[in-house]
2 protein chains.
Amino acid sequence: MQQAWEGGIMANIKDIAKLAGVSVTTVSRVLNGHPYVSKAKREAVLQAMETADYERNINAVHLSRGRTNLIGVVVPYITRPYFGMVVEGIADEAIKDNYKLVLIQSNYEAERELDALMMLKLKQIDALIICSRTCSWEIVDEYVQYGPIIVLEDGRGHQVSSIFMDHYQSFTRALTYLRGKGHYKIGYCLARQSSPNSNLRESAYRDFYMNRNEAYNHDYMFYDCVQLEDGEWIMQRILKMDDPPTALLVTSDQVAAGILSFCRENGIEVPGQLAIVGFDNQPIARMMHITTFEIPLVEIGRRALLQAVDGSQAHEEIHLNLIERQTV
Amino acid sequence: MQQAWEGGIMANIKDIAKLAGVSVTTVSRVLNGHPYVSKAKREAVLQAMETADYERNINAVHLSRGRTNLIGVVVPYITRPYFGMVVEGIADEAIKDNYKLVLIQSNYEAERELDALMMLKLKQIDALIICSRTCSWEIVDEYVQYGPIIVLEDGRGHQVSSIFMDHYQSFTRALTYLRGKGHYKIGYCLARQSSPNSNLRESAYRDFYMNRNEAYNHDYMFYDCVQLEDGEWIMQRILKMDDPPTALLVTSDQVAAGILSFCRENGIEVPGQLAIVGFDNQPIARMMHITTFEIPLVEIGRRALLQAVDGSQAHEEIHLNLIERQTV
DNA sequence: GTAATCTATGAAACGCCTTCCATGTCAAAC
DNA sequence: GTTTGACATGGAAGGCGTTTCATAGATTAC
């Protein structure tokens, strides 16, 4: 299918070659900045491109090279600030390396993630960054042969690159910190019940109590806590308890903010009656003075992109810092 | 460049044709679900594809078709909830139509937006949705010939599709509403000083006061207000005023939330001392009971994608509804 | 002075799929 | 009994760069 061009037809490399009186090879060399082109011919080619208003057919380049300079990014929901920040970092870095991003919003549906993996297989994207995995490792492992896959969770033991946080340690630290402040009845709010990160956190919690030979209350565990609004039902449930927790580890500042907001409106003193530790250090945590673990999400996004471009396998662990503010 | 394949080489359509004993045309027909293929051959082809673990080279398809099923989306910052919600809508709808998104974060740099326009020209994307424009109309107009361009602002008079809000009317309505509540000293907080949407709002403001032969105070106008944190400096400035505004039109719920939060912490009564009207109806507005104009951002994103796919030119105007809560 | 390099250049192969056009069969229509 | 149209199938012409290989003159090396 020929392309429209002002006054005729979109020029292609052949036309340019003819116009400049050289071979297509030479034009290609000029196009790609290869050496071994005489100054005279280079100029003739540039002139011809100018005259014909030439633009490379990028799809032909992709076909020929077998690469697209496109990198896939899978996020469950782009509206969640956590993922927004990661994508921001990825996008910032992508520009520098002349990559573009293909955004795949998975809604945590395996099928959509599979779609993204398939794009990698079909070489529509050069690499894939999975910000929160839905597919099983078995499936992901099948696709590593087609290109770099980067995950934001502990990927050691798999042929992927990964950049992940020390959730076990952070949770342990948070628990110790709260214990130091006299809290024994500590609850937590997680996002997905059985995500890799959640598992890590739950083991940290279990171990913390087991190591001390103490029992813990299953009512203090909340799942599917992801957004502001979730603060409300969490607190409603806590209010109904005979023996409510005195502290809450909340793995998203959004949820922490929702909880805190509810408390303020309902006269529940924070940290007096309820201490709150958030995660992420999002703007809202700063605004509401929430004590939280800082996660350098933008930076993580950047590094993920670099890993994607680099292609060599690596595993980076990120240590989180606790920022003490006013909710503990 | 041949592709690796288990035990040899990635099969291509020719291999399949040979394996199935048919022509490549027939294979292509099966691949694309065209009619006029006998059941026997169709099955033979499917069998062959199975055997050879065939996958189409998507880049070849793109080259051949001159389309990529990719749609570009330009947003200044993906972390801003406003754009996050729009992109969410776009992504939701894109999946249904089997389109993927290429995300271009412009940071309001014209060059990056130009990059996106260039992708359209090079047919790397089939259409482009510009959520907040940076380039001049002259430039955009040049690129409409290469494919559908959709803008989220009033695009009437240009060869683009557009979906936009009645900002003039909404602002007028908000002002009337506040006046009805006894407010004369009304200020506003805008994002970019000279964006199309801001201009609309400023004219509404000016007209409102001019029509009444009243003067207005230039100190009451705040620009570059986009995120939570901006609430603070806005309020700091207001606190320093001898004659501060009694009401504020804030064109982002994020900023409104920041302002409200500051007020609560500093004993400024809302709406007693300061009334606040937000825009967007984001989750945070619901949580903080902010009176706000609802903008159906996700739905707008959806429609934008539909316009992109559809390709026919259209201009949709969206009317905003005021949601009365507790800040006026 | 001759071998080894470097510089320049182009033909042709390669990446791979879609689609137009031509051809042929078979059954329904008149 | 012939015409018409639906159904089937394949050849070949696109769509367009990149890259390998071959060739040859110009230098440099020893």
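Going by the structure above, here's the rest.
Residues numbered from 1 in each chain as written. Chains lettered and ligands numbered in written order. Predicted model: local features only at pLDDT ≥ 70, side-chain atom pairs only at ≥ 80, totals over all residues. Heavy atoms only, no water.

Applying the stated criterion to the full structure yields 26 aromatic pairs over all chains. Between F222(A) and W233(A) the ring centres are 6.2 Å apart and the planes differ by 55°, which places this aromatic pair in the tilted class. Of this pair, F222(A) sits in strand β9 (residues 221-222) while W233(A) sits in helix α10 (residues 230-239); the two residues are 11 residues apart in sequence, bridging distant segments of the chain. The class for W233(A) is partly exposed, based on a relative accessible area of 29%. Arranged with centres 5.4 Å apart and planes meeting at 80°, the rings of Y205(B) and Y216(B) form a pair that is edge-to-face. Highlighted residues: Y205(B) in helix α9 (residues 196-211) and Y216(B) in the loop between α9 and β9 (221-222), separated in sequence by 11 residues. Judged by its relative accessible area of 1%, Y205(B) falls in the buried class. (Phe/Tyr/Trp six-rings, centres within 6.5 Å; stacked < 30°, edge-to-face > 60°. Helix = DSSP H or I, 4+ residues; strand = E, 2+ residues; numbered from the N terminus. Buried < 20%, exposed > 50% of the residue type's maximum accessible area, 1.4 Å probe, protein only.)

Formed by 104 residues in total, the largest nonpolar core has its most connected members in I129(A), C131(A), L249(A), I129(B), C131(B) and L249(B). Apart from residues no more than four positions distant in its own chain, I129(A) is found in contact with I71(A), G72(A), V73(A), V74(A), I90(A), I150(A), A304(A), L305(A) and A308(A). (Core = buried A, V, L, I, M, F, W, Y, C linked by side-chain atoms within 4.5 Å. Contact = heavy atoms within 4.5 Å.)

This next bit is on the interface of chain B and chain A. Of the residues lining the interface, 52 residues belong to chain B; the matching set on chain A comes to 53 residues. Both faces considered, chain B and chain A share a buried interface measuring about 4600 Å² in area, 59% of it formed by carbon and sulfur atoms. Where chain B meets chain A, there are six salt bridges. With its nearest N and O atoms 4.0 Å apart, the salt bridge here joins E55(A) to K121(B). Our count for the chain B to chain A interface comes out at 16 residue pairs in polar contact (both at pLDDT 80 or more). (Buried area = accessible area lost by both parts, 1.4 Å probe. Salt bridge = Lys/Arg side-chain N within 4 Å of Asp/Glu carboxyl O. Polar contact = N/O pair within 3.5 Å; in protein donor to acceptor, adjacent residues only side chain to side chain.)

A word on the sheet that holds strand β11 (residues 275-280) of chain A. Residue and element names in this part refer to chain A. If you walk across this open sheet you meet the six strands as β9-β8-β10-β11-β12-β14, and the pairing is mixed. The open sheet is flanked by β9 and β14 (321-323), the only strands paired with a single partner. Inspection of the sheet shows strand β12 (residues 292-294) paired to β14 by three bridges, in the antiparallel sense. Residue pairing in the sheet places E294 in a bridge with N321 of β14. Together, β8 (186-189), β9 and β11 form the strand contacts of helix α9 (residues 196-211), whose direction differs from that of β8 by roughly 175°. (Pairing = 2+ DSSP bridges. Axes fitted to C-alpha atoms, helices over the stretch in contact; angles between N-to-C directions.)

Right, let's talk about the state of the cysteines for a bit. This model, assessed by the stated rule, comprises zero disulfides over all chains. Cysteine C225(A) remains unbridged, with the sulfur of C189(A) as its closest cysteine sulfur at 4.4 Å. (Disulfide = S-S within 2.5 Å.)

Laying chain B over chain A is done by rotating through 180° and shifting 0.1 Å along the axis; what remains is an RMSD of 0.1 Å. With respect to symmetry, the two chain copies, as superposed, fit the operation of a two-fold axis. The position closest to the rotation axis in chain B is occupied by the C-alpha of V102(B), lying 2.2 Å away. (Least-squares fit on C-alpha atoms with pLDDT ≥ 70 in both.)

This part takes up helix α10 (residues 230-239) of chain B. Residues and elements named next belong to chain B. Along α10, the residues classified as buried are D230, G231, I234, M235 and I238. The arc enclosing the buried residues of α10, seen along the axis, measures out at 125°, which places them on a common side. The inward-facing, buried residues of α10 abut β8 (186-189), β9, β10 (247-250) and α11 (253-265). (Arc of directions from axis to C-beta.)

Right, let's talk about the pairing of β11(A) for a bit. All names here are of chain A. Within β11, six of the six residues are buried, which leaves the element mostly enclosed by the surrounding structure. Examined bridge by bridge, strand β10 (residues 247-250) and β11 share three bridges and lie parallel to one another. From the neighbouring strand, L248 faces β11, where its bridge partner is I276. In the classification by handedness, the crossover that spans β10, the intervening helix α11 (residues 253-265) and the parallel β11 is right-handed. Where β11 meets β12, three bridges bridge the pair, whose relative direction is parallel. Of the residues in β12, the one forming a bridge with D280 is E294. (Right-handed = clockwise from strand over helix to strand, strands pointing away.)

Right, let's talk about unusual backbone geometry for a bit. Of the consecutive residues V270(A) and P271(A), the connecting peptide bond is found in the cis state with omega at 5°. Looking at where P271(A) falls in the secondary structure, it is placed in the loop between α11 and β11. Despite not being glycine, K123(A) shows a phi value in the positive range, around 65°. Looking at where K123(A) falls in the secondary structure, it is placed in the loop between α6 (110-121) and β5 (127-130). The residue H289(B) is not glycine, and still its phi comes out positive at about 60°. H289(B) gets classed as partly exposed once you look at its relative accessible area, which sits at 21%.

Let us now look at the packing of helix α2 (residues 24-31) of chain A against helix α3 (residues 39-52) of chain A. All names here are of chain A. Closest axis-to-axis distance for the α2/α3 pair is 10 Å, and the angle between their directions is 85°. When the axis of α2 is compared with that of α3, the two are roughly perpendicular. Contact residues: V27, V30 and L31 in α2; R42, V45, L46 and M49 in α3. (Parallel < 35°, antiparallel > 145°, perpendicular 65-115°, else oblique.)

The full count for this structure, using the stated rule, is 30 salt bridges over all chains. In this structure, K100(B) engages D115(A) in a salt bridge whose closest nitrogen and oxygen atoms are separated by 2.9 Å. You can see K100(B) sitting in strand β4 (residues 100-105) and its partner D115(A) sitting in helix α6, one on each of two chains. Given a relative accessible area of 14%, K100(B) falls into the buried group. A salt bridge links E109(B) to R112(B); its shortest N-O distance comes to 3.2 Å. With relative accessibility at 35%, the residue E109(B) sits in the partly exposed group. A cluster of three or more residues bridged by salt bridges with shared partners is formed by D92(A), E93(A), K96(A), E299(A), R302(A), R303(A) and E316(A).

Nothing here speaks to function; it is geometry throughout.
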